[in-house]
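A closer look at the structure
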Amino acid sequence: MEEREVKSVSTYAQKKGFGATLWDFLTTVDHKKIAILYLFAGGFFFVVGGLEAVFIRIQLAVPNNDFVSAGLFNEIITMHGTTMIFLAAMPLIFAFMNAVMPLQIGARDVAFPFVNALGFWLFFFGGVFLNLSWFFDGAPDAGWTSYASLAMASKGHGIDFYVLGLQISGIGTLIGGINFLVTIINMRAPGMTYMRMPLFTWTTFVTSALILFAFPPLTVGLVLMMFDRMFGSNFFVTTMGGNTVIWEHLFWIFGHPEVYILVLPAFGIFSEIFPIFSRKRLFGYSSMVFATVLIGFLGFMVWAHHMFTTGLGPIANAIFAVATMAIGVPTGIKIFNWLLTVWGGSVKFTTPMYWAMAFIPTFLAGGVTGVMLAAAAADYQYHDTYFVVAHFHYVIVGGVVFAIFAGTHLYWPKMFGTMLNETLGKITFWLFFIGFHMTFFIQHFLGLWGMPRRVFTYLPGQGFEASNLISSLGAVFMSLGVLVLLYNIIMTSVKNERVGNDPWGDGRTLEWALPSPPPFYNFKQLPLVRGLDAYWLEKMEGKKGMTPAEPLGDIHMPNSSFLPFVIAFGLFVAAFGALFNMDDKAWSVPVLIIGLLITFGAMFLRSVKDDHGFHIHKEELMEDDNDKGVKA
């Protein structure tokens, strides 16, 4: 084996450029830069999905509106849901997992840096492919769940874009989850036992396990639909012996754990915010850990509560109703622990704390309506009405999106070295918070009054006019809140006022022991973890950094690589060839072959390339002023 290349810190900085050029981001395998890629790509799709939501609310603001046609409305609601779940919420959560989790466990990197980069580019190209459907024969129009009875009857290529785009993106998510699992199991710093891991790391761990088991059923369902749509099979064609209910089972066996894949990391973010800004240890740490694991376990036992009206029978409905109500118990434990963390604390009402405090009653309302929907008999009244729309958004927006806003303000200085403006942050909070409740609270009543969801218009005189107008005005406030946040980000980047390692002043976990932003190798010396809230313990003893667990030595880091981008791009190209082969386009098969050659050629290069990474001399580390964290 060849001797590994040895580079100095200064050589790395000069060659790679800490200014982070476009080429850096295209080739990076650094989890912190990948976090930035996830943050901005997910943020872009969040804006796209938000615009689609605005179009929905404009159409429904008044009765008999013709702002969009019925067919285009179906495409907009399908793409809004699909974009927000798969292309906005998931990657934004992954951004924080990449940025924070390896630092919290005291690791220098993730277990598989190359796979981490590949996961991002697969997500990105899958999302781009899906959204290109707008420019090719129409977007998918069967709802974000794409039930087979609707999807199989859909004309054009919209559903095919959905099937192939989500396949590519889903593979990226799956390998990302595996990477996080291995990282947490194998790469914790000395002394970092499982019961000393921060709650955000615990929620990342359980979420990654959920991804490992939840995404294969979705993959199977998408493959079966792809065969039905493209190759003439009959898995979901009832006239040929197929069964459309199988799609519902496969989708929701993925779909309900997906709710917890999104919500658990949100819980983790709030579990970091409450102790920091209450300036006291998280109450009931052990019970929070076990509640997190229990939620993950029970999340796989409730999927059929989405199917109470399908006709599964009273026994199946009763079993899933009881399981659904049971899953509210560990969530209730968490809410009491968060409240008891704040109780008696010296609370600082920063922007992240605003979002955290608002999250509790908002998410609680979503949980209560969830228990209402869990009553199978009552669900026949609620099902497919705006009551379900309101419940879902109280859970996903009130839980996940609130956490994304909170996490953005909390971790922005750690990721970028600058602090978002607090005044603008609080303006964002109030605009979005008021707008959210204006939009969705009244939709509970619209549902109870009988307004079905997914209808593109309604008649006057049904009692829906005023409520829909209020709901649409709320969407304006939410949009203004997002615009203020974008302005805040731009102004912060322009001013570029640098901050220290612990800008909030009360950081408790290891990431706050590092400079902002951290150096590419994270830690010069792996830290010694002596208890829960490891950094807080060191600060209480008057230390400025962490106690090292090892002598200063050479550090091994992976080389950057352009191959993850190339592999994902190859699948992107091949997907176009596969899709248009249905139309017997002469160019489709060559495009498919070229795409596959690009992908497998890049994978072959990766397998034969002698890439061992590089070492950094300990002498260079001693001279490096970038890292003020761990000191010998």
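What counts, and where the lines are drawn
- Residues numbered from 1 in each chain as written.
- Predicted model: local features only at pLDDT ≥ 70, side-chain atom pairs only at ≥ 80, totals over all residues.
- Heavy atoms only, no water.
- Helix = DSSP H or I, 4+ residues; strand = E, 2+ residues; numbered from the N terminus.
- Contact = heavy atoms within 4.5 Å.
- Expected span 1.5 Å × (residues − 1).
- Buried < 20%, exposed > 50% of the residue type's maximum accessible area, 1.4 Å probe, protein only.
- Phe/Tyr/Trp six-rings, centres within 6.5 Å; stacked < 30°, edge-to-face > 60°.
- Lys NZ or Arg CZ within 6 Å of the ring centre and 35° of its normal.

Let us look at the environment of W303. You can see W303 is positioned in the loop between α10 (285-298) and α11 (314-326). Expressed as a C-alpha distance, the spacing of W303 and H249, which sit 54 residues apart in the sequence, is 7.6 Å. W303 has contacts with H249, W252, I253, H256 and F320, leaving out every residue within four places of it along the chain.

Attention now moves to helix α19 (residues 563-580). Because each turn of an α-helix spans 3.6 residues, side chains separated by three or four positions end up pointing in the same direction. Helix length check: α19, at 18 residues, gives a terminal C-alpha distance of 26 Å against a target of 26 Å (1.5 Å per residue), a fit within 8%. The buried fraction of α19 is high, at 15 of 18 residues.

This next bit is on the packing of aromatic side chains. For the coordinates displayed, the defined rule picks out 81 aromatic pairs. Considering the side-chain rings of F267 and W338, the 5.3 Å spacing of their centres and the 70° angle between planes classify their relative orientation as edge-to-face. With F267 in helix α9 (residues 244-278) and W338 in helix α12 (residues 328-342), this pair connects stretches of sequence that are 71 residues apart. Just as F267 is buried, W338 falls in that class too. Here the aromatic rings of W355 and F429 are separated by 5.0 Å at their centres, their planes lie at 90°, and the arrangement is edge-to-face. Residue W355 is found in helix α13 (residues 351-374), and its partner F429 is found in helix α16 (residues 422-448); the two are separated by 74 residues along the sequence. Judged on exposure class, the residue W355 and its partner F429 are both buried. Against the face of Y194 rests R188, its NZ or CZ located 4.0 Å from the ring centre. The ring of W536 has R508 lying over it, and the distance from NZ or CZ to the ring centre is 4.2 Å.

In the segment running from S516 into P517, the intervening peptide bond is cis, with an omega of -10°. Position of P517 relative to the elements: it lies in the loop between α17 (465-495) and α18 (534-540). With a phi angle near 65°, R454 is a residue other than glycine that sits in the positive phi range. Inspection of the secondary structure puts R454 in the loop between α16 and α17. Of note, D533 is a non-glycine position whose phi angle comes to about 55°, a positive value. Mapped onto the fold, D533 is located in the loop between α17 and α18.

Keep in mind that these numbers describe shape and distance, not what the molecule does.
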